[in-house]
Amino acid sequence: MAEAQRKYKTKQGEAVSAYLAERPDSYLSVDEVWSALVAAGGRVGRSTVYRKLESMASEGSALKATAPGGEARYRIASSSATGQLVCLACGRAFALDCHMVEEFSDHVLSHHGFRIDPARTVLYGLCESCRGV
């Protein structure tokens, strides 16, 4: 591995990873993670949280969904994660752990020759609350 690509483990990075891992069903923004860590007495910079979350998303250990307005939200990746739902009105993100995403992915591959990564699939629409249901 090249010197510039070497990954270093830091207390701050480990704290970010642990915080996300302790909330496996939540999508969290950089500011939510940073605020919680600082409130718990952690000495971590916002940019460190951002870099760690982006790194986790790049390596596949976290899922990233971008809400309307461009705010990114992150969730720890799990073996059962097969997609993400993002509400266009409120920006909340939800896990889409549904076998239908895999079936859709199989259809697209067999009929269109395109392989979808189900864990990184993001569907945009309106959540129950925003639809007034």
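These figures come from a predicted structure and were not determined experimentally. Residue positions are counted from 1 within each chain, in the order its sequence is given. Note on the predicted model: pLDDT of at least 70 is required for a residue's local features to be given, and 80 or more for side-chain atom pairs to be given and counted; whole-chain, interface and lining totals, by contrast, use all residues. Only hydrogens and water are set aside when side-chain values are computed; all heavy atoms of the structure are taken into account.

## Digging into the overall build of the protein
Reasoning step 1: Of the regular secondary structure elements, the protein holds 5 helices and 6 strands.
Reasoning step 2: Working definition: helices are DSSP H or I runs of at least four residues, strands are E runs of at least two. Numbering for both runs from the N terminus. What you see in the protein, going N to C, is helices and strands ordered as α-β-α-α-β-β-β-β-α-β-α.
Reasoning step 3: Projecting the C-alpha coordinates of the protein onto the three principal axes gives extents of approximately 50 × 45 × 25 Å.
Reasoning step 4: The rule is simple: take the accessible area with a 1.4 Å probe, protein chains only, and divide by the maximum for that residue type; under 20% is buried, over 50% is exposed, in between is partly exposed. Classification of the 133 residues of the protein by burial places 32% in the buried group.
Reasoning step 5: Within the protein, contacts between residues separated by at least 24 positions form 48% of all contacts whose residues are at least 6 apart in sequence.
Reasoning step 6: In short, Shrake-Rupley with a 1.4 Å probe defines the accessible areas, and a residue's cover is counted only from the protein chains shown. Summed over all atoms, the accessible surface of the protein reaches about 8400 Å², with 53% contributed by carbon and sulfur.
Reasoning step 7: His is not counted, nor are the chain ends; Lys and Arg add positive charge and Asp and Glu add negative charge. The location of each charge is read from NZ of Lys, CZ of Arg, CG of Asp or CD of Glu. Taking the 16 positively charged and 15 negatively charged side chains of the protein as two groups, their mean positions are separated by 8 Å. Pairs of residues are marked as contacts when any of their non-hydrogen atoms sit within 4.5 Å.

## Describing the sheet that holds strand 4 (residues 84-87)
Reasoning step 1: Spatial ordering of the open sheet is given by 5-4-6, a layout of 3 strands whose pairing is mixed. Only two strands of the sheet have a single partner each, and these edge strands are strand 5 (93-95) and strand 6 (122-125). Each adjacent strand pair in this sheet contributes to an overall mean axis angle of 25°, direction not counted.
Reasoning step 2: Sheet topology note: the strand 4/strand 5 ladder contains 3 bridges and is antiparallel. Note on strand 5: the bridge partner recorded for glutamine 84 is alanine 95. Two strands qualify as a pair provided DSSP detects at least 2 bridges between them. Helix axes use the C-alpha atoms of the stretch in contact, all axes being lines fitted to C-alpha atoms, and the angles between their N-to-C directions lie in the range 0 to 180 degrees.

## Re the state of the cysteines
Reasoning step 1: Pairs of cysteine sulfur atoms within 2.5 Å are what we label disulfides. Tallying each qualifying case throughout the model produces 0 disulfides.
Reasoning step 2: For cysteine 87, which is in no disulfide, the shortest distance to another cysteine sulfur is to cysteine 130 and amounts to 3.6 Å.
Reasoning step 3: Left without a disulfide partner, cysteine 127 is nearest to the cysteine sulfur of cysteine 130, which lies 3.6 Å away.
Reasoning step 4: Look at cysteine 127 and you get buried, because its relative accessible area is 10%.

## A short note on the packing of helix 2 (residues 30-39) against helix 3 (residues 46-59)
Reasoning step 1: Packing of helix 2 against helix 3 brings their axes to within 9 Å, and their N-to-C directions diverge by 125°. With respect to their mutual orientation, helix 2 and helix 3 come out oblique. The element helix 2 and its partner helix 3 pack so that their crossing is right-handed. Across from Val30, Asp31, Val33, Trp34 and Leu37 in helix 2, the residues of helix 3 making contact are Arg46, Val49, Tyr50 and Leu53.
Reasoning step 2: Residues belonging to the contact of helix 2 with helix 3 are distributed by class as follows: 7 nonpolar, no polar and 2 charged. By definition in this entry, angles of less than 35 degrees are roughly parallel, angles greater than 145 are roughly antiparallel, angles of 65 to 115 are roughly perpendicular, and the rest are oblique. With the far helix as reference, a near helix turned anticlockwise by less than a right angle produces a left-handed crossing, and one turned clockwise produces a right-handed crossing. Each residue gets one label: Ala, Val, Leu, Ile, Met, Phe, Trp, Tyr, Cys and Pro are nonpolar, Asp, Glu, Lys and Arg are charged, and the others, such as Gly, are polar.

## Thoughts on the packing of helix 1 (residues 11-21) against helix 2
Reasoning step 1: Orientation of helix 1 relative to helix 2, taken along the N-to-C sense of each, is 110°, at an axis distance of 11 Å. Considering their axes alone, helix 1 and helix 2 lie roughly perpendicular with respect to each other. Between helix 1 and helix 2, the residues in contact are Ala15, Val16, Tyr19 and Leu20 and Val33, Ala36 and Leu37, respectively.
Reasoning step 2: Its residues assigned to classes, the contact of helix 1 with helix 2 shows 7 nonpolar, no polar and no charged.

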